[in-house]
Amino acid sequence: MTRGIHAAGIGSSGKMSLFPELYLTSVLQSIQAAPDLPEHLRDEVRVNWYMTQWCNYSCPYCPVLVFHKRTKSGKPQPHAFDYYPVEKWLELFDTVQASKLHIHLTGGEPFLDRENLRALLRGFAAKPRIHTYISTNGAWDPAYFADVDKSRIFLDIGFHPTQTSLNELVRQVVRIREAGFNIAIVNYVLSPENTDIFDEAFARLSGLGFYVHVSPMFPTGEHISREVRTDREMEIVVRHNTRLDLHYKVIWPEMNKRLCFYPALNYSLGWDGGVQVSCFDGSQNAFEHGFPALPRQAVACPQHSCIGCCEMYRAIVDEPLYSNPLKIFTHRDLAQEVSAYRRDVRSKMTDEEVRREVRDLQAALATIRKKRSEEIPHVTVNSIKPALPEGQNVIGYVDAPDSKFYVEARSRDRIMLTGWLASAHYGAPLKEIRFRIGDRQIGSVKEFYPRPDVAAHFGRENWLMSGWRTMIYLPALPPGEHGLIVEGVDPLGSTASIPPWPVRISE
Ligand code: SF4
Ligand code: SF4
């Protein structure tokens with residue numbers, strides 16, 4: 001994750017530092033022209049705390065490089081309490097200047113470190129200005145938290161059908177609610193593997209009185225190169241979301257420095273104490289340098305697009321699709337607002353009107369894909385092409401960031417891999433890449449992305465779509481070196497692999 005901050009919320013990044021004066025001038029001009037933060041919000045702040053990458057689940061669409069096991073060596077992992085004890089974190093939150101402090105805990109799975117979490121929640125409960133929101137998978141025992149005051153704790157429980165059954169999830173959310181927790185939303189990520197059981201899950205959970213939020217999947221994890229959404233997925237998200245949410249979560253419009261209040265109200269805090277004003281790059285350690293001052297005006301969006309949690313784009317100034325007053329938008333607000341929209345708008349739409357909205361979204365996505373493909377540099381094809389290695393049916397490579405020609409990880413870690421792979425036979429583009437360690441398949445990729453550098457180097461236009469990228473959960477492996485097999489599958493099902501890529505397991 002990237003973090004960053006500058007005194008008045010003006011960030012710095014590699015891109016900006018090329019023209020620092022120009023950038024600074026344009027941001028300052030935008031701030032001078034920007035509306036002030038309303039008076040009643042000047043004393044209210046949210047901290048989004050990415051407190052851990054520890055998780056007991058292995059969701060294919062997870063955007064986090066989660067780890068499953070604590071280290072035996074005691075080396076700090078990406079986990080808040082490996083860096084500072086609970087008391088230090090509580091003291092840190094005392095330094096945030098605000099009479100109402102919203103703290104959102106997310107990960108990974110915050111409840112896995114149940115002892116430290118319970119101590120933290122009890123500490124928060126003793127401070128009336130703190131309201132706590134926790135994103136969790138719900139796979140924990142609520143009885144352990146019996147002595148925690150839950151009146152200002154609100155849960156967002158994700159249902160992950162590849163990791164737990166609907167029956168088990170239902171049993172858990174009912175148990176957690178009966179134990180006194182407020183469940184603001186049950187979140188359903190509409191990924192390809194979750195689509196089939198959506199209707200049943202939605203009906204059962206809604207029937208029990210839960211608000212089920214339907215999140216269009218971000219292209220991440222195993223689906224990081226997925227650019228298309230089926231009509232069925234699109235129909236489900238249309239029926240259950242506002243137009244505003246679809247616009248930002250499906251289309252991802254360019255922000256073009258639009259004015260936004262989100263950075264004036266939100267910090268982003270990491271497990272190691274690194275803090276940034278939300279959306280800006282660069283960070284400082286909150287324990288050493290404190291929380292930086294937030295801007296008191298709307299600021300020009302520093303991002304290309306709003307990567308979008310629902311509360312983020314609701315803070316954009318003059319967003320035509322949103323007219324509700326600016327506030328710190330919580331999970332409970334989301335449940336109320338989207339429920340009202342479903343009742344007042346979606347439930348009154350005919351099937352044909354839904355299909356028309358699906359067609360409009362698909363057409364908008366097709367236009368974006370076309371624009372993106374037109375931006376890919378033209379590949380110059382030389383008549384003399386470099387010779388291909390003899391006897392190899394597939395050619396390719398695993399990318400080696402920082403010139404490390406191996407992967408270093410712990411057993412059962414999740415790793416990110418990128419590279420390219422192409423068939424040596426003309427007219428036989430690969431349809432899949434499989435990853436194996438020993439006899440065990442540990443991942444696959446079916447969606448490719450453009451690698452104009454590869455196509456240009458080899459002078460083969462048909463290798464343009466040879467790029468692959470993915471996030472893989474390693475299996476339990478003993479310490480030592482293992483070979484990762486990267487195997488291409490051609491349209492006829494023939495397979496061939498490149499030389500094994502070393503995976504070094506430290507513990
Ligand atoms: S998406 Fe799944 S794997 Fe990722 S943090 Fe949530 S529960 Fe864990
Ligand atoms: S538009 Fe989105 S990315 Fe940009 S500043 Fe606002 S919340 Fe951040």
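Residues numbered from 1 in each chain as written. Chains lettered and ligands numbered in written order. Predicted model: local features only at pLDDT ≥ 70, side-chain atom pairs only at ≥ 80, totals over all residues.

(A) Representation of the sheet that holds strand β17 (residues 467–473). One open sheet holds the three strands; their spatial order is β12-β14-β17, and the pairing between them is antiparallel. Every interior strand has two partners, whereas the edge strands, β12 (394–398) and β17, have only one. Taking the axes of each pair of neighbouring strands and ignoring which way they run, one obtains an average angle of 30° across the sheet. Here seven bridges tie strand β14 (residues 414–423) to β17, and the two strands are oriented antiparallel to one another. In the sheet register, R414 faces β17, and the bridge partner there is Y473. (Pairing = 2+ DSSP bridges. Helix = DSSP H or I, 4+ residues; strand = E, 2+ residues; numbered from the N terminus. Axes fitted to C-alpha atoms, helices over the stretch in contact; angles between N-to-C directions.)

(B) View of the site of ligand 1. Residues in close proximity to ligand 1 total 13 residues, the closest being C55, Y57, C59, C62 and N137. Taken together, the residues that form the shell around ligand 1 break down as six nonpolar, six polar and one charged. (Near = placed C-beta within 6 Å. Nonpolar A, V, L, I, M, F, W, Y, C, P; charged D, E, K, R; others polar.)

(C) Region of interest: the confidence of the model for the protein. Confidence along the protein averages 90 in pLDDT terms, with 92% of residues attaining 70 or more. Under a pLDDT of 50 for its full length, residues 1–29 has, in the predicted model, 54 contacts with residues more than four places off or in other chains. (pLDDT = per-residue confidence, 0-100. Contact = placed C-beta atoms within 7 Å.)

(D) Structural context of the pairing of strand β4 (residues 153–159). Counting buried residues in β4 gives seven out of seven residues, a clear majority hidden from the surface. Residue alternation in β4 divides its side chains into two sets, I153, L155, I157 and F159 and F154, D156 and G158, and both sets are buried. Pairing between strand β3 (residues 130–136) and β4: five bridges, direction parallel. Across the sheet, residue S135 finds its bridge partner in β4, namely D156. Taken together, the six bridges between β4 and strand β5 (residues 182–190) define a ladder with parallel strand orientation. Each residue of the ladder has a partner; that of G158, found in β5, is N187. The parallel pair β4 and β5, bridged by helix α6 (residues 166–178), forms a crossover whose chirality is right-handed. (Buried ≥ 20, exposed ≤ 12 C-beta atoms within 10 Å, placed from the backbone. Right-handed = clockwise from strand over helix to strand, strands pointing away.)

(E) Helix α9 (residues 243–251), seen in detail. Taking burial as the measure, the nine residues of α9 include seven buried ones, the bulk of the element. Along α9, the residues that are buried comprise L244, D245, L246, H247, Y248, K249 and V250. Within two residues after α9, W252 carries a phi angle of roughly 50°, on the positive side.

(F) Just the site of ligand 2, in detail. Around ligand 2 sit M255, C260, Y262, P263, C279, C301, Q303, C306, M312, Y313, A315 and I316, and that is every residue in its neighbourhood. For the shell around ligand 2, the elements supplying multiple residues, two or more each, are α10 (262–265) and α12 (310–313). Of the residues in the shell around ligand 2, the class split is eleven nonpolar, one polar and no charged.

(G) Inspection of the sheet that holds strand β6 (residues 212–216) at higher detail. As summarised here, the arrangement of the nine strands in space is β6-β5-β4-β3-β2-β1-β8-β9-β10, forming an open sheet in which the pairing is mixed. Looking at the sheet topology across the chains shown, the edges are occupied by β6 and β10 (284–285). Where strand β2 (residues 100–106) meets β3, five bridges bridge the pair, whose relative direction is parallel. Bridge pairing in β3 links L101 to I130. Each of β4, β5 and β6 touches helix α7 (residues 198–207); the most contacted strand, β5, lies at about 175° to it.

(H) Quick peek at the domain arrangement of the protein. According to the domain assignment, the protein contains domain 1 (14–360) and domain 2 (394–505). If you average the C-alpha positions of domain 1 and of domain 2, the two centres end up 32 Å apart. Counting residues at the interface gives twelve residues for domain 1 and 14 residues for domain 2. Along the lines of polarity and charge, the residues of the side of domain 1 that touches domain 2 split into four nonpolar, five polar and three charged. (Domains from an automatic or database assignment.)

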